[in-house]
Amino acid sequence: MFDAVFDENWKRTVYCGNATEDHIEKKIIINGWVRKRRDLGGIIFLEIWDHAGLVQVVINPETNELVHERAKQLRSEYVVAIKGVVKKRPAGTENPSLKTGNVEIIADDLMVLSPSTLPPFDLNEASAIDENIRLKYRYLDLRREVMQRNLRLRSKAANYTRTFLTDAGFVEVETPMLTKSTPEGARDYLVPSRVNPGKFYALPQSPQIFKQILMISGLDRYFQIVKCFRDEDLRADRQPEFTQIDIEMSFLTEEDIFELIEDYVKGLFRETIGVEIQTPFPRLSYSEAMERFGSDKPDLRIPFEIVDLKAVFQGRGIRAFEVGERGAIKGFVLPGGASLSRQEMSTIEGKAKELGAKGLAYFQLGNELKGPMVKFLDEDGKKLVIEKSQLSQGNALFVMADQDRNKVCEVLGQLRLEVARKYDLIEKGKWAFLWVVDFPLFEWSETENRYVSVHHPFTSPKNEDLHLLESEPWKVRSRAYDIVLNGNEVGGGSIRIHDPKVQESVFKVLGLDEVEAKNRFGFLLSALSYGTPPHGGIALGFDRLVMLLAGAKSIRDVIAFPKTQKAQCLLSGAPSYVDERQLEELHIKVTATDEEEG
């Protein structure tokens, strides 16, 4: 039965999912996988699948006993070739959920090309299966319609990207995968050099330095769809190796980047999922985003934002609201919140405390203003609460106070997301893009006891803040920008430093002396001294962008062979131990393993 010889006589003439009424009464050949087999009163019904879809095959013992005997031995995921005639399905048996649902194939002949071991999960019910099982048997998981659709969408997005950028005058250049470690930000993945004992390459966290050098080289416009690597703790939307659309341009301002990317996104959404995106995108400064949304990647689909209530509560003798001059009192209005029970309100307060709040006050407005803190307010105070928060009947107001203004913004920002998801308040079907600009150039690191770059050390300060670099670096804003979609950062970039003196001043603020700066970035600093054009760029997270286009919950669902949150490939077993001989060749000695430490 399994001595199959696949030749020209068995090659498909039609994809399974493309057999339609146009083929009725025609002989066709299909090749594919058995998705289901049903035996009803002697007649066998098969669902045969390939990437184009499913089609039903009917095998009647009265008309073809030999083929029927072969079909009785078929099981799920066997690979078969079938010859037959396309017929219209009998009235009442049509399946409108299938593209091929009005037809069926009456089999004349059948060949088993490859048997299959019993799959560890039902491919039709895989969404309910533990993800680790799906990743271990990824070759089976990828046979699912949703995974096929995601990978083909990714391919379509990549093709559009190349065409768009090439037509816009960009040159695709491949930059090195084995490069120099320049510790600044996330950890590098290191690769030992056998021919240079004791020395290591690093896999690139981004092609940042090389793309800047390409601008110094006069290339003018560069792009690359490139793999990057970061050895960091993973979250649902992160991978140790990821793909980004890397772009750099010379002689530009921020407006050139905004216009280019908005045109690109508009075309990408139209060509891949048929959605029209409105441009230009709104813009928010970093400080405004934090004050109004408690996040530098705000989700604008949520119909409420954070409001400042310090003028309402400060100075009223309420101890919880005495936060001093630098503290903050802020809140947000939850639509429909007046109908929540005391227990539900307490649950929200508990969540706020989990996020770092000392407490959370709340008010509910029905026929009158209610809440534990109402007793501290006179009639004018109640009116002021309603007026300043724009609290309307049927809604609730949550208020947080703290001497740490940043904590108030961040906690309320996270709580805003939590309650919006819980009470289904995020507008569906909306694509809310925005640019976040004017980030701080530096932030203070308590662990390193020094200023570090918010983005990277080559980001240019805003021209009007240059005089603050050495005297008040914490006030310096950068010429950096992030593009945000539905609360997800999908890209970020900046105008770069092209003046060696400015770069020297930035390194000084970062605590990098001339020797250390030269050791880390010497080849870039040397290049900068040979005539550097003003330049800048952006990197778009391709995995995350495709995830959003596909409506997937995780970027692992749009990557063919992703890693787990422990940075493991369950399919191949990577990372793994290697032979002692390989380690000796690399002059490496392993001092501990997981097994020994466990």
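Residues numbered from 1 in each chain as written. Predicted model: local features only at pLDDT ≥ 70, side-chain atom pairs only at ≥ 80, totals over all residues. Heavy atoms only, no water.

(A) Region of interest: the side chain of Lys563. Note on placement: Lys563 falls in the loop between α14 (542–550) and α15 (580–585). For Lys563, a relative accessible area of 15% gives the class buried. A polar contact is formed between the side chain of Lys563 and the side chain of Glu241, at a distance of 2.6 Å. If we ignore the near neighbours within four places in the chain, the residues touching Lys563 are Gln239, Pro240, Glu241, Arg556, Gln568 and Cys569. (Helix = DSSP H or I, 4+ residues; strand = E, 2+ residues; numbered from the N terminus. Buried < 20%, exposed > 50% of the residue type's maximum accessible area, 1.4 Å probe, protein only. Polar contact = N/O pair within 3.5 Å; in protein donor to acceptor, adjacent residues only side chain to side chain. Contact = heavy atoms within 4.5 Å.)

(B) The arrangement of the domain arrangement of the protein chain in detail. Each assigned domain of the protein chain is listed here: domain 1 (8–114), domain 2 (132–279 + 535–590), domain 3 (282–286 + 428–532) and domain 4 (302–426). Just the C-alpha atoms count here: the centres of domain 1 and domain 4 sit 62 Å apart. (Domains from an automatic or database assignment.)

(C) Inspection of the packing of helix α7 (residues 286–293) against helix α11 (residues 405–422) at higher detail. It is the contact of α7 with α11, at a shortest axis distance of 7 Å, that shows an interaxial angle of 65°. Taking contact as the criterion, the partners of Met290, Glu291 and Phe293 in α7 are, on α11, Arg405, Cys409, Glu410, Gly413 and Arg416. Taken together, the residues of the contact of α7 with α11 break down into three nonpolar, one polar and four charged. (Axes fitted to C-alpha atoms, helices over the stretch in contact; angles between N-to-C directions. Nonpolar A, V, L, I, M, F, W, Y, C, P; charged D, E, K, R; others polar.)

(D) Fine view of the packing of helix α5 (residues 208–216) against helix α13 (residues 514–528). One can describe the packing of α5 onto α13 by two numbers: an axis separation of 10 Å at closest approach and a directional angle of 20°. Taken together, the axis directions place α5 and α13 in an arrangement best described as roughly parallel. α13 is crossed by α5, and the crossing has left-handed handedness. When α5 is examined against α13, the residues Ile209, Gln212, Ile213 and Ile216 are found in contact with a partner set consisting of Phe521, Phe523, Leu524, Ala527 and Leu528. Within the contact of α5 with α13, the residues separate by chemical class into eight nonpolar, one polar and no charged. (Parallel < 35°, antiparallel > 145°, perpendicular 65-115°, else oblique. Left-handed = near helix turned anticlockwise from the far one by under 90°.)

(E) Representation of the environment of Met345 within the structure. Position of Met345 among the secondary structure elements: in helix α9 (residues 342–355). The sequence separation of Met345 and Tyr362 amounts to 17 residues, and the corresponding C-alpha distance is 7.7 Å.

(F) Region of interest: unusual backbone geometry. The linkage connecting Thr279 with the following residue, Pro280, adopts the cis geometry, with an omega of 0°. Tracing the backbone shows Pro280 in the loop between α6 (254–273) and β11 (283–285). Following Ala574, the chain continues into Pro575 via a peptide bond in cis, with omega recorded as -5°. Topologically, Pro575 is positioned in the loop between α14 and α15. A positive phi angle is found at Asp438, which is not glycine, with a value near 60°. Inspection of the secondary structure assignment puts Asp438 in the loop between β17 (433–437) and β18 (442–445). Under the relative-accessibility criterion, Asp438 is labelled partly exposed at 23%. Within the chain, Ala567 stands out as a residue other than glycine whose phi angle is a positive 60°. Mapped onto the secondary structure, Ala567 falls in the loop between α14 and α15.

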